[in-house]
Amino acid sequence: MLRSNNCGELRINDLNSQVSLCGWVHHIRDLGKLLFIDLRDRYGTTQIYFDANNKPELYQSAKKLGREYVIHVIGTVRERSNKNPKMPTGDIEIDVDTLKVLNTSEIPPFTIEDDTDGSEEMRLQYRYLDLRRNVMKDTMIFRHKLNLSIRNFLSEKGFLEIETPFLIKSTPEGARDFIVPSRLNPGNFYALPQSPQLLKQLLMFAGMDRYFQIVRCFRDEDFRADRQPEFTQLDCEMSFVEQDDILNLFEDMMRYLFRNLLDIDLPIFPRLTYKEAMETFGSDKPDLRFDMPIINLSDTLKGKGFKIFDNSEYIGGLLLINQPDVSRKQIDKLTEWVKNPQVGGSGLAYVRLVDNEIKSSITQFFSNDFLQNLMKSINASNNDTLFIISGNRNKSLEILGNLRLHLAKQYQLIQKNIYKPLWVIDFPMFDWDEENHRFTSSHHPFTSPLLSDIELLDSNPSLARSNAYDMVMNGAELGGGSIRIHDKFLQKKVFKLLNLTDQEAEDKFGFFLKALDYGAPPHGGIAFGIDRIVAVMLGLNSIRDVIAFPKNNMGRDLMMQAPAPVTADQLKELHLKIQ
RNA sequence: GGUCCGGUAGUUCAGUUUGGUUAGAAUGCAUGCCUGUCACGCAUGAGGUCGCGGGUUCGAGCCCCGUCCGGACCGCCA
């Protein structure tokens, strides 16, 4: 061992002991004749010093050190004459007797500080330096503890962690697959799993009863701050269960994780149906950290002679409470934002109470008394602003949902460090794909419909609800799952509704349909995005900050410069030609 | 596939509105001074392909076109 202690553990009761430490030169403070260095490793920082009067030669060697040099020192623990209460090791320092440079370092391109001056591009390119920063290091430690807690909790509950293959078969539904050419089978390709969905179901068929896996998943789709091409799932499946069993167990797990890792007691998770979530929050992953439900104004505002409202399928509003500074300029800006093609609204009306007088963009069409009564009916007070969106029902709800988040951000309605979990249940079984004129699964094709809605598969599939559920926290979808289909005829019926012919179903899922013939138990499960859980728990906006070596938003690894071309020989071996 | 924002010193940015002398700041770096610092302090200094290519102009960091790179979002992500 090169060291007797790490850089985070020495305290006042270690006084006068001989110690040997290794670490990186974090800060150098040369006062002339006296030189201090903060020596850093994963565990902390310890101050070492060199005194020119007592040890002139050592002092001269220390003068040659630079930032991020790796050094080994042997010395004695001394009490500081000036203590630093901000550091855990701030009562002591090391009087160095021996200094050895283990490695030199170039000047790092950005500072290794919590509040670094490095751009994200630099941080990704020099990720090994970025990970030296406390915040990144602590995130990695947190993530390790999370994984460990998950394993402990689920193992305790009888789950087995079973590995599933990465080289599998491409499936037609869902995200675009990453494909891997097979050298031994010319013209044939593996696909990397978008998730181990069918494999975990097959493990249930195999009688494993309770399975989980912390596993990488791959989806070849475009990126976002919360989406990477490879990401980590906590994948779970259970046999002989109903929806309640899964919701209760994984709600318990989440509570366990928050208690263990953050010392926070989560409340009971409210359960909202998809319909309620959409009608109240305009989103299937509502952020409950702030109030401001959508108010349905269709009945109140329609048929009063204002054409735009009268011709609308739906009118909804949001009440922004007690914001005296909402200016005309701000409202114009919000209107512009709503009309932005990415939001897709056609306009934004408002009614405001200032000094208990009505200020509104629709005074030409509605009397002052009417608007006063409208505000009274929704319990609005002075300095409250009602924003109104009208038009197609679903589109308007979506816009209101976006506007709700936009207002919360703009007026800082979201408290820091609070967690608002919920379940969203009763999703529609299918979404209608306008482009291809067919149904797609809103969850996935193996999701069971609600028992009560099975008949709707024949009579009106678009109304059928599935036995699927999402766990949502702070406006992020942390996980989702469903009770699966274990009956072959039902599975075939669903395939048919998804426009898969018998032949296609057989080609793609034949192995799975066959397995359903051999005593498949009722089962269901759920999968969580580990990256998102870590990001939400730590209050981070981007999952790139919780992944050791993430890709940028073009799918490139800026550090190793992947993807990259391969040699002609490699292509030939794989029977591939580049167009 | 699309919309928007950005690219200027090692790094983070200002300068672009209204084209005009030698392109600035902070930090980092180098050198010197300094015995109790902990974001040490003070002084001096070095450091620039204004992403790249083309155009307009007497003159372009600034205007126009193209392109590359980075970021946010829409589509997409069962």
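Description of the structure in this document.

## A few points about the protein's contact with RNA strand B
So, step 1. Looking at RNA strand B, there are 48 residues lining it, with Asn53, Ser441, His443, Arg544 and Asn553 nearest.
So, step 2. Across the atoms of RNA strand B situated within 4 Å of the protein, the share located in sugar and phosphate is 54%.
So, step 3. At a separation of 3.2 Å, a sugar or linking oxygen of RNA strand B approaches a polar backbone atom of Pro109.
So, step 4. At 2.8 Å, a side-chain N or O of Asp222 approaches a base nitrogen of RNA strand B.
So, step 5. Residue assignment for the surface near RNA strand B shows that the elements contributing at least two residues are strand E1 (18-30), strand E2 (34-41), strand E3 (44-51) and helix H2 (120-125).
So, step 6. At 3 residues, E1 tops the list of elements feeding residues into the surface near RNA strand B.
So, step 7. Taken together, the residues of the surface near RNA strand B sort by class into 12 nonpolar, 18 polar and 18 charged.

## What to know about the packing of helix H4 (residues 134-156) against helix H16 (residues 530-538)
So, step 1. Viewed as axis vectors pointing N to C, H4 and H16 meet at an angle of 120 degrees, and their least axial separation amounts to 11 Å. What the angle tells us is that H4 and H16 run oblique. Read as a crossing pair, H4 and H16 show a hand that is right-handed. Residues Thr139, Phe142, Arg143, Leu146, Asn147 and Ile150 of H4 form the contact with H16, whose own contacting residues are Ile530, Asp531, Ile533, Val534, Met537 and Leu538.
So, step 2. Residue classes in the contact of H4 with H16 are distributed as 8 nonpolar, 2 polar and 2 charged.

## Let's talk about the sheet that holds E1
So, step 1. If you trace the 5 strands once around the closed barrel, you get E1-E2-E3-E5-E4, paired in mixed fashion. The mean angle between the axes of side-by-side strands here comes to 55 degrees, regardless of whether they run parallel or antiparallel.
So, step 2. Where strand E4 (residues 70-79) meets strand E5 (residues 92-103), 10 bridges bridge the pair, whose relative direction is antiparallel. Residue pairing in the sheet places Gly75 in a bridge with Val96 of E5.
So, step 3. Strands in contact with helix H1 (residues 56-63) are E1, E2, E3 and E5; relative to E5, the strand with the most contacts, it is inclined by about 60 degrees.

## A closer look at the nonpolar core
So, step 1. Counting residues in hydrophobic clusters, the biggest one holds 43 residues, and the most contacted among them are Leu154, Leu234, Phe250 and Met254.
So, step 2. With residues near it in sequence (within four places) discarded, Met254 still touches Leu266, Phe269, Met471, Met473, Phe528 and Ile533.
So, step 3. Membership of the second largest hydrophobic core comes to 23 residues, among which are Ile48, Ala62, Val77 and Val96.

## A short note on the pairing of E3
So, step 1. With 6 of 8 residues buried, E3 is to be regarded as a mostly interior element.
So, step 2. As paired elements, E2 and E3 share 8 bridges and run antiparallel to each other. Directly across from Phe36, in E3, lies its bridge partner Tyr49.
So, step 3. Counted along the chain from E2 to the antiparallel partner E3, the turn is 2 residues long.
So, step 4. Where E3 meets E5, 2 bridges bridge the pair, whose relative direction is parallel. Counterpart to Tyr49 in the pairing with E5 is Asp95.

What counts, and where the lines are drawn
Along each chain, residues carry numbers from 1 onward, in the same order as the chain's sequence is written. Chain A is the first chain written and ligand 1 is the first ligand written, with later ones labelled in order. Totals for whole chains, interfaces and linings use every residue, but because this is a predicted model, local features are given only for residues with pLDDT of at least 70 and side-chain atom pairs only at 80 or more, for both listing and counting. Side-chain calculation: all heavy atoms of the structure are included, whereas hydrogens and water are not. Near residues are defined by distance, with any heavy atom within 4 Å of the molecule or strand qualifying the residue. Under the rule applied, a polar contact is a pair of N or O atoms within 3.5 Å (in protein, one hydrogen donor and one hydrogen acceptor; residues adjacent in sequence only if both atoms are side-chain atoms). We count a stretch as a helix when DSSP gives it H or I for four or more residues in a row; a strand needs E for two or more, and each element gets its number in order from the N terminus. All amino acids are sorted into three groups, where Ala, Val, Leu, Ile, Met, Phe, Trp, Tyr, Cys and Pro are nonpolar, Asp, Glu, Lys and Arg are charged, and the leftover types, Gly among them, are polar. Inter-axis angles, ranging from 0 to 180 degrees, are taken between N-to-C directions of lines fitted to C-alpha atoms, where helices are fitted over the stretch in contact. Comment on the angle field: the value is read as roughly parallel under 35 degrees, roughly antiparallel over 145, roughly perpendicular from 65 to 115, and oblique elsewhere. Crossings are classed by handedness, with left-handed meaning an anticlockwise turn of the near helix from the far one by less than a right angle and right-handed meaning a clockwise turn. We call two residues in contact whenever any of their non-hydrogen atoms come within 4.5 Å of each other. By definition, two strands form a pair when at least two bridges between them are found by DSSP. By nonpolar core is meant a set of buried Ala, Val, Leu, Ile, Met, Phe, Trp, Tyr and Cys residues that side-chain atoms within 4.5 Å join together. Burial classification: accessible surface area is computed with a 1.4 Å probe over protein chains only, and a residue below 20% of its type maximum counts as buried, one above 50% as exposed, and the rest as partly exposed.

In short, geometric facts, not functional conclusions.
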